[in-house]
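These are the residues of each chain, in order.
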Amino acid sequence: MTTAPTAPPPPMRLRELAFGAACAAALRAAARLGVADALGDAPMTVEDLAAAVKAEPKPLRRLLRALACYDVFAEQPDGTYAHTATSRLLREDDPHSLRAITLWCTEAWTWDAWPKLDEAVRTGRNVVEDLYGKEFFTYLNEDAPESADVFNRAMTTSSEQSARDVAALLDLSGCASVADLGGGQGHVVASLLDKYPSMHGSLLDLPRVVENALPRLMPGGDLADRARIVPGDVRTAVPVKADVYVIKNILEWDDESTARLLRNVVEAGGPGTRVVVIENLVDDTPSMRFSTAMDLMLLLNVGGAKHTTDSMISRLTGAGLVVDDVRPVNSYLHAFDCTVPK
């Protein structure tokens, strides 16, 4: 029976880390094969699982054995395999599913980019433009539409899961309007409109993004009479007036894009406006391994970066905002509550 090992001595730990790509590849293979979806509440034999996912039993057993070392699936004494709390997150139907995010973090472009991390560290530039001859999101949409779809599904999943936490955290009592900038399909603004039945909300994002906004926010939706869909690029302008602006997980672009966005928000809101910035941090967080890995990925693909608490505060105050409070949203997000000074 495969069990998760205890902490190994340093030489073996380094060997394990060097083979980290094997773990990522195994997770991707299990997600693409649909192993977690095929495995129900009762343990299954490898032969039955292989038949369900149309794979060969022997290599599938090797895949499951490798993943069980990381507590992704569990081998039983009789050789069958069962779910763990971690492996259930690879199911499509799990309410906290991370299947799309697992696929996104292991897309084909990542295997091209990671070996060039030393180059990105040496130059401070992204490597994607040299690899593919174009900016990252242009490459995705023009040359890798399937990967772009994986990205959109991963971001949708992440937004759905964190929107409830954001709405629970924020006290917007007394505010008549809120604008979600770069808000994707609008999960955050929808959650806030649910919480505050008299509030009006705006969703601003790129045209190709907001055309797929939540049906609830679109004409005929139950929130449509209180929602405004605004196509646009927040780096160019913020053509929305609101009492509160929410900026979630987009202040991680290159420095100039981030500075332009913040200038646009200050100009659009004016004195006294509240601005809530929500980001992953690479300090003071229980998710350091995840956040620092995402930080390196941002360096590779867009030349961006995750922030420390101090660097975020410096960025916000440099744009003319006053930081009133910093609070955790959940185990991997922090909220910076700011005001445009009067």
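The structure displayed is predicted, hence computed values, not measured ones. (Residues numbered from 1 in each chain as written. Predicted model: local features only at pLDDT ≥ 70, side-chain atom pairs only at ≥ 80, totals over all residues. Heavy atoms only, no water.)

### A word on helix α14 (residues 255–269)
Stage number 1. An ideal rise of 1.5 Å per residue puts 21 Å on 15 residues; α14 measures up with 21 Å between its terminal C-alpha atoms.
Stage number 2. Those residues of α14 lying buried are S257, T258, L261, L262, N264, V265, V266, A268 and G269.
Stage number 3. One or two residues past the end of α14 sits G270, with phi positive at roughly 80°. (Helix = DSSP H or I, 4+ residues; strand = E, 2+ residues; numbered from the N terminus. Expected span 1.5 Å × (residues − 1). Buried < 20%, exposed > 50% of the residue type's maximum accessible area, 1.4 Å probe, protein only.)

### Topic: the environment of G201
Stage number 1. Relative to the helices and strands, G201 resides in strand β4 (residues 200–205).
Stage number 2. Its relative accessible area of 4% is what places G201 among the buried residues.
Stage number 3. C-alpha separation for the pair G201 and E252, spaced 51 residues apart in sequence, amounts to 24 Å.
Stage number 4. Look past the residues within four positions of G201 in its chain and what remains in contact with it is V178, V189, L193, R226, A227 and R228. (Contact = heavy atoms within 4.5 Å.)

### Overview of the sheet that holds strand β6 (residues 244–248)
Stage number 1. Within the open sheet, the 7 strands sit side by side as β5-β4-β3-β6-β7-β9-β8. Their pairing is mixed. A single partner strand is all that each edge strand has here, and the edge strands are β5 (227–231) and β8 (322–328). Taken pair by pair, the neighbouring strands of this sheet meet at an average axis angle of 20°, ignoring direction.
Stage number 2. Bridging between strand β3 (residues 177–181) and β4 involves 5 bridges; their strand directions are parallel. When the sheet's bridge partners are listed, D180 is paired in β4 with L203.
Stage number 3. Each of β3, β4, β5 and β6 touches helix α12 (residues 187–195); the most contacted strand, β4, lies at about 180° to it.
Stage number 4. Across the sheet, α14 is in contact with β3, β6 and β7 (274–279); its angle to β6 comes to roughly 165°. (Pairing = 2+ DSSP bridges. Axes fitted to C-alpha atoms, helices over the stretch in contact; angles between N-to-C directions.)

### Focus on the layout of surface pockets
The gaps left among the atoms become clear once a water-sized probe is rolled over them.
Stage number 1. By volume, the second largest pocket amounts to about 210 Å³.
Stage number 2. Along the wall of the second largest pocket there are 13 residues; nearest its centre are R28, E107, E146, S147 and V150.
Stage number 3. Along the lines of polarity and charge, the residues of the lining of the second largest pocket split into 6 nonpolar, 1 polar and 6 charged. (1 Å grid on protein atoms, 1.4 Å probe; cavity = no way out; pocket = protein on both sides within 12 Å on 5 of 7 lines; lining within 4 Å. Points joined across faces, edges and corners; volume = space filled by probe spheres on them. Nonpolar A, V, L, I, M, F, W, Y, C, P; charged D, E, K, R; others polar.)

### Structural notes on the pairing of β8
Stage number 1. Pairing analysis gives 6 bridges linking β8 to strand β9 (residues 334–339), with the strands arranged antiparallel. For V323, the partnering residue across the bridge sits in β9 and is C338.
Stage number 2. In sequence, β8 turns back onto β9 through a hairpin of 5 residues.

### So, the side chain of K306
Stage number 1. In this fold, K306 is placed in the loop between α15 (288–301) and α16 (309–318).
Stage number 2. Side chain to side chain, K306 and E252 meet in a polar contact 2.6 Å long.
Stage number 3. At a separation of 2.7 Å, a polar atom in the side chain of K306 contacts the side chain of N280.
Stage number 4. Filtering out sequence-adjacent residues up to four positions away, K306 remains in contact with N249, E252, E279, N280, V282, S291, M294, D295 and L298. (Polar contact = N/O pair within 3.5 Å; in protein donor to acceptor, adjacent residues only side chain to side chain.)

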